[in-house]
Amino acid sequence: MPLSMSVKNDIISQYKKSDTDNGSAEVQIALLTQRIRDLTEHMKEHKHDFHSNRGLMKLVGRRRRLMRYLQREDLAKYRELIESLEIRG
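Here is what the cut-offs are and how they apply
- Residues numbered from 1 in each chain as written.
- Predicted model: local features only at pLDDT ≥ 70, side-chain atom pairs only at ≥ 80, totals over all residues.
- Heavy atoms only, no water.
- Patch = residues over 30% accessible without salt bridge, like charges linked within 9 Å, V, L, I, M, F, W, Y side chains within 5 Å.
- Areas by Shrake-Rupley, 256 points an atom, 1.4 Å probe, with all protein chains shown as cover.
- Salt bridge = Lys/Arg side-chain N within 4 Å of Asp/Glu carboxyl O.
- Lys, Arg positive; Asp, Glu negative; His and termini not counted.
- Charge placed at Lys NZ, Arg CZ, Asp CG, Glu CD.
- Helix = DSSP H or I, 4+ residues; strand = E, 2+ residues; numbered from the N terminus.
- Buried < 20%, exposed > 50% of the residue type's maximum accessible area, 1.4 Å probe, protein only.
- Core = buried A, V, L, I, M, F, W, Y, C linked by side-chain atoms within 4.5 Å.
- Contact = heavy atoms within 4.5 Å.
- Arc of directions from axis to C-beta.
- 1 Å grid on protein atoms, 1.4 Å probe; cavity = no way out; pocket = protein on both sides within 12 Å on 5 of 7 lines; lining within 4 Å.
- Points joined across faces, edges and corners; volume = space filled by probe spheres on them.

Draft legend 1. Expanded view of a positive patch on the surface. On the surface, a cluster of positive charge is made up of Lys8, Arg35, Arg54, Lys58, Arg62, Arg64, Arg65, Arg68, Arg72 and Arg88. Examining the composition of the positive patch, we find that 7 residues originate from one element, helix H3 (residues 50-73), more than from any other. When you line up the elements, Arg88 lands in the segment after helix H4 (75-85). Judged by its relative accessible area of 53%, Arg88 is exposed.

Draft legend 2. The arrangement of the nonpolar core in detail. Core analysis: the largest hydrophobic core is formed by 23 residues, its most contacted members being Tyr15, Ile29, Leu31, Met67, Leu70, Leu81 and Leu85. Broken down by secondary-structure element, the contributors of at least two residues to this core are helix H1 (5-15), helix H2 (25-45), H3 and H4. In terms of residue count, H2 provides more of this core than any other element does, 9 residues in total. If we skip the residues at most four places from it in the chain, Leu70 touches Ala25, Glu26, Ile29, Leu75, Lys77, Tyr78 and Leu81.

Draft legend 3. Molecular detail of H1. Taken as a whole, H1 has its buried residues at Ile11, Ile12 and Tyr15. All buried residues of H1 lie within an arc of 100° about the axis, which places them on one face of the element. More than 90 degrees from the buried face of H1, the exposed residues found are Met5, Asp10 and Gln14. Summarising the contacts, the buried residues of H1 are in contact with H2 and H4.

Draft legend 4. A look at the pattern of salt bridges. Summed over the entire model, instances satisfying the criterion amount to 3 salt bridges. A salt bridge links Lys17 to Glu26, with the nearest nitrogen and oxygen atoms 3.8 Å apart.

Draft legend 5. Representation of the layout of surface pockets within the structure. Within this model, the largest pocket holds a volume of roughly 260 Å³. As for the largest pocket, its lining consists of Met1, Pro2, Leu3, Ser4, Arg35, Asp38, Leu39, Glu41, His42, Ser52, Gly55 and Leu59. Counting only elements with at least two residues in the lining of the largest pocket, the list comes to H2 and H3. Ranked by the residues each element gives to the lining of the largest pocket, the list is headed by H2, at 5 residues.

In structure tokens:
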């Protein structure tokens, strides 16, 4: 299930670098994290929904690749993003 426009706009406004930014790695990671959280809640209720589980794994992989890129390019921003999104327990 896609994110609603209001949730998406809130996330973009929180993590954007400039007024016209809506596709930077930080924004993409934040949006993916919200979708992952939503799908994780769905999977708790519907354990045998294997198609959604595959989609969840694809989202996690995409976020992992973006996180690796951000870690390589800007380590301080990477650490700040991990802390603000509360990922990597």
